[in-house]
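Given next are the chains, with one letter for each unit.
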Amino acid sequence: MRRRSAIQLISAFCLAGPAWAVETKTAVELGSFAWSDPAGWFGGFSALHVSADGQNLMVLSDRATLVRARILREGDAITGVEITGKWPVLSSTGQPLIGSSGDSEGLAVAPDGSFFVSFERVHRVAHYSVPGSKARVLPRPKAFDQLPNNGSFEALAIDGKQRLYTLTEKGRTENGDIPVYRWNGQVWSTPFVLPQRGRFLPVAADFGPDGRLYVLERSVSLTGFRSRLRRWRLQDDTPTGEEVLFTTGMGGHDNLEGVSIWRDDRGRMRATMVSDDNFLALQRTELVEYLLPD
């Protein structure tokens, strides 16, 4: 019998899991932009948020650095990025986070402009009122302590009811599904799970303007990275209508780890993604955009 892992929050219904069905749809790649800067802190971007008009960007590195920038565009193409601000991500005592405590991976921006950051290694989620403010760390259930050291909260998203969701990269239920944790402002729960399909692991999530949950996934091998984007409708805490929007070939993009879903001025749904270059010369920071089907 397998040892019970961090999924002790999951109900018996979720452990049983629904009968999953999946539909494949076709997203269209609009282009990619190689973003560079000589600063030593630049890189390692693991999460992003794009403003509703697609013109402004907030990105988070996995070394506890938060950056704001302006996106320059010509038609559907990104032509440049201008950095407008940079801040360290702070602890609850106001100190810059370093080492394993500063492994910041997920970002979700609330309507009031405040934001949440998720961390792995020291598994937790924190709220920040503005960039550069002290952290307000959300309560941590004991189940979080059992999550994989380098495979917990890379994905973070806020739904239309202002509830916060996070997904584990590697932790799975006893049935092999992906647990989804939700913070309603008072307590954590695990209202549902998502199906694990193949070797792809979730690294980012967002709720689109259509209310659907989007999950960016990554597969890694010795020859490079592959990416996949899936989405679901949530009905009474049940994920339905699973769709695969794109699956890239090996090396199609760099190490995509952040996703933001928005509508452009023509009413088209877009996914903007950012890659984590791991601060390695052989990799690159890349902004990638896809046009998504409704």
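Residues numbered from 1 in each chain as written. Predicted model: local features only at pLDDT ≥ 70, side-chain atom pairs only at ≥ 80, totals over all residues. Heavy atoms only, no water.

**Some thoughts on the pairing of strand S6 (residues 77–88)**
Residues in a regular strand project their side chains so that they alternate between the two faces of the sheet. Here strand S5 (residues 65–74) pairs with S6 via 10 bridges, running antiparallel. Residue Leu66 lies in a different strand from S6, and its bridge partner there is Trp87. The antiparallel hairpin formed by S5 and S6 contains 2 residues in its connecting segment, where Gly75 sits at a positive phi of about 65 degrees. (Pairing = 2+ DSSP bridges. Helix = DSSP H or I, 4+ residues; strand = E, 2+ residues; numbered from the N terminus.)

**Some details on the sheet that holds strand S13 (residues 178–183)**
If you trace the 4 strands from one edge of the open sheet to the other, you get S11-S12-S13-S14, paired in antiparallel fashion. Strands with a single pairing partner mark the edges of an open sheet, and in this sheet they are strand S11 (153–158) and strand S14 (188–194). The average angle at which neighbouring strand axes cross in this sheet is 30 degrees, direction not considered. Inspection of the sheet shows strand S12 (residues 164–168) paired to S13 by 4 bridges, in the antiparallel sense. (Axes fitted to C-alpha atoms, helices over the stretch in contact; angles between N-to-C directions.)

**Things to note about the sheet that holds strand S1 (residues 22–24)**
In space, the 5 strands of this open sheet follow the order S1-S18-S17-S16-S15, with mixed pairing throughout. Each end of this open sheet is capped by a strand with a single partner; those strands are S1 and strand S15 (201–207). Adjacent strand axes in the sheet meet at a mean angle of 25 degrees when their direction is disregarded. As paired strands, S15 and strand S16 (residues 213–221) are joined by 6 bridges and run antiparallel to one another. Directly across from Leu201, in S16, lies its bridge partner Arg218.

**Concerning the pairing of S13**
In terms of residue burial, S13 counts as a mostly covered element, since 6 of its 6 residues are buried. A two-sided burial pattern is seen for S13, the buried positions comprising Ile178, Val180 and Arg182 on one face and Pro179, Tyr181 and Trp183 on the other. As defined by bridge partners, S13 adjoins S14 across 5 bridges and the pair is classed as antiparallel. Its bridge partner lying in S14, Val180 is registered against Phe192. Counting the residues that bridge the hairpin from S13 to S14 gives 4 residues, and of these Gly185 lies at a positive phi of roughly 100 degrees. (Buried < 20%, exposed > 50% of the residue type's maximum accessible area, 1.4 Å probe, protein only.)

**Here we look at the environment of Gly94**
Among the secondary structure elements, Gly94 is positioned in the loop between S6 and strand S7 (104–109). Along the chain, Gly94 and Ser133 lie 39 residues apart, while their C-alpha atoms are 7.1 Å from each other.

**Brief notes about the packing of aromatic side chains**
The final tally for this structure, using the stated rule, is 13 aromatic pairs. Look at Trp35 and Phe42: their rings are 5.0 Å apart centre to centre, the planes differ by 80 degrees, and that puts the pair in the edge-to-face class. Ring pairing ties together the aromatic residues Phe144, Phe153, Tyr181, Trp183 and Trp188, which thus form one cluster. The lysine or arginine in question, Arg63, covers the ring of Phe279, its NZ or CZ lying 3.8 Å from the ring centre. The residue whose ring lies beneath Arg124 is Phe119, and the NZ or CZ to ring-centre distance is 3.8 Å. (Phe/Tyr/Trp six-rings, centres within 6.5 Å; stacked < 30°, edge-to-face > 60°. Lys NZ or Arg CZ within 6 Å of the ring centre and 35° of its normal.)

Read these as layout, nothing more, since geometry by itself doesn't imply function.
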